[in-house]
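# Structural description and commentary
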Amino acid sequence: MKKLIFTACAMLAITACPSKDDPEKTGQMYLSQARDYLGFERFKEARAAIDSLRDKSPRAFNAREEGILLLDSIDLFEARKDLEKTEKALALNPKGDLKDSLDFDKEEAQQKITFFTKKLAHDKANFKKH
């Protein structure tokens, strides 16, 4: 009888305790923030939101998988913006060291675009739902 009462009290205590937030829900909140920041081209804040997801919701496995794809997208978008800026600066016909520097920046942005495009395709192909 004592075991039955103890078990009933233990079950009641377990169900009465507030449950922790769902880690996936919290992770999706951070992803939403990162997407919003990306929409406003605030790359640093978008990356920070994904870092917060990694730090504060380590068990949000699906959100973390999506975060990898979003981080690839952030890097790709930023590289495209850098290329656009560099091409605009080159259109002004700079000379000397400035032209060399801009040519280097343009080539670097093109390489980043190529890399992140391939990385995003690879990560999409290996995406897993948990």
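Scroll up a little and you will see the structure.
Predicted model, so just to flag it, every value in this text is computed and none were measured.

### Considering the overall build of the chain
- Within the chain, the secondary structure is distributed over five helices and zero strands.
- Seen in sequence order, the chain has helices and strands lined up from the N terminus as α-α-α-α-α.

### Here we look at the packing of helix H2 (residues 23–39) against helix H4 (residues 61–91)
- Viewed as axis vectors pointing N to C, H2 and H4 meet at an angle of 10 degrees, and their least axial separation amounts to 9 Å. Here H4 runs roughly parallel to H2, going by the angle between their axes. Contacts between H2 and H4 involve Glu24, Gly27, Gln28, Leu31, Ala34, Arg35 and Leu38 on the former and, on the latter, Phe61, Asn62, Ala63, Glu66, Gly67, Leu70, Ile74 and Phe77.
- When the residues that make up the contact of H2 with H4 are grouped by side-chain class, the tally is eight nonpolar, four polar and three charged.

### Considerations on the packing of aromatic side chains
- Taken as a whole, this structure holds two aromatic pairs when the rule is applied.
- For the ring pair Phe43 and Phe77, a centre distance of 5.8 Å and an interplane angle of 55 degrees mean the geometry is tilted. One end of the pair, Phe43, is in helix H3 (residues 43–56); the other, Phe77, is in helix H4, with 34 residues separating them in the sequence.
- A relative accessible area of 11% means that Phe43 is categorised as buried.

### So, the side chain of Asp72
- When you line up the elements, Asp72 lands in helix H4.
- A distance of 2.9 Å separates the side chain of Asp72 from the side chain of Lys119, its partner in a polar contact.
- In contact with Asp72, not counting residues within four places along its chain, are Phe116, Lys119, Leu120 and Asp123.

### Looking at the nonpolar core
- Within the largest apolar cluster, 14 residues are counted, with the highest numbers of intra-cluster contacts made by Ile50, Leu53, Leu70 and Ile74.
- Contributing elements (two or more residues each) for this core: H2, H3 and H4.
- The element that contributes the greatest number of residues to this core is H3, accounting for five residues.
- Dropping the residues within four chain positions of it, Ile50 is found in contact with Ala34, Gly67, Leu70, Leu71 and Ile74.
- Core analysis: the second largest hydrophobic core is formed by eight residues, Leu76, Leu83, Ile113 and Phe116 among them.

Each value, and the rule that gives it
Residues numbered from 1 in each chain as written. Predicted model: local features only at pLDDT ≥ 70, side-chain atom pairs only at ≥ 80, totals over all residues. Heavy atoms only, no water. Helix = DSSP H or I, 4+ residues; strand = E, 2+ residues; numbered from the N terminus. Axes fitted to C-alpha atoms, helices over the stretch in contact; angles between N-to-C directions. Parallel < 35°, antiparallel > 145°, perpendicular 65-115°, else oblique. Contact = heavy atoms within 4.5 Å. Nonpolar A, V, L, I, M, F, W, Y, C, P; charged D, E, K, R; others polar. Phe/Tyr/Trp six-rings, centres within 6.5 Å; stacked < 30°, edge-to-face > 60°. Buried < 20%, exposed > 50% of the residue type's maximum accessible area, 1.4 Å probe, protein only. Polar contact = N/O pair within 3.5 Å; in protein donor to acceptor, adjacent residues only side chain to side chain. Core = buried A, V, L, I, M, F, W, Y, C linked by side-chain atoms within 4.5 Å.

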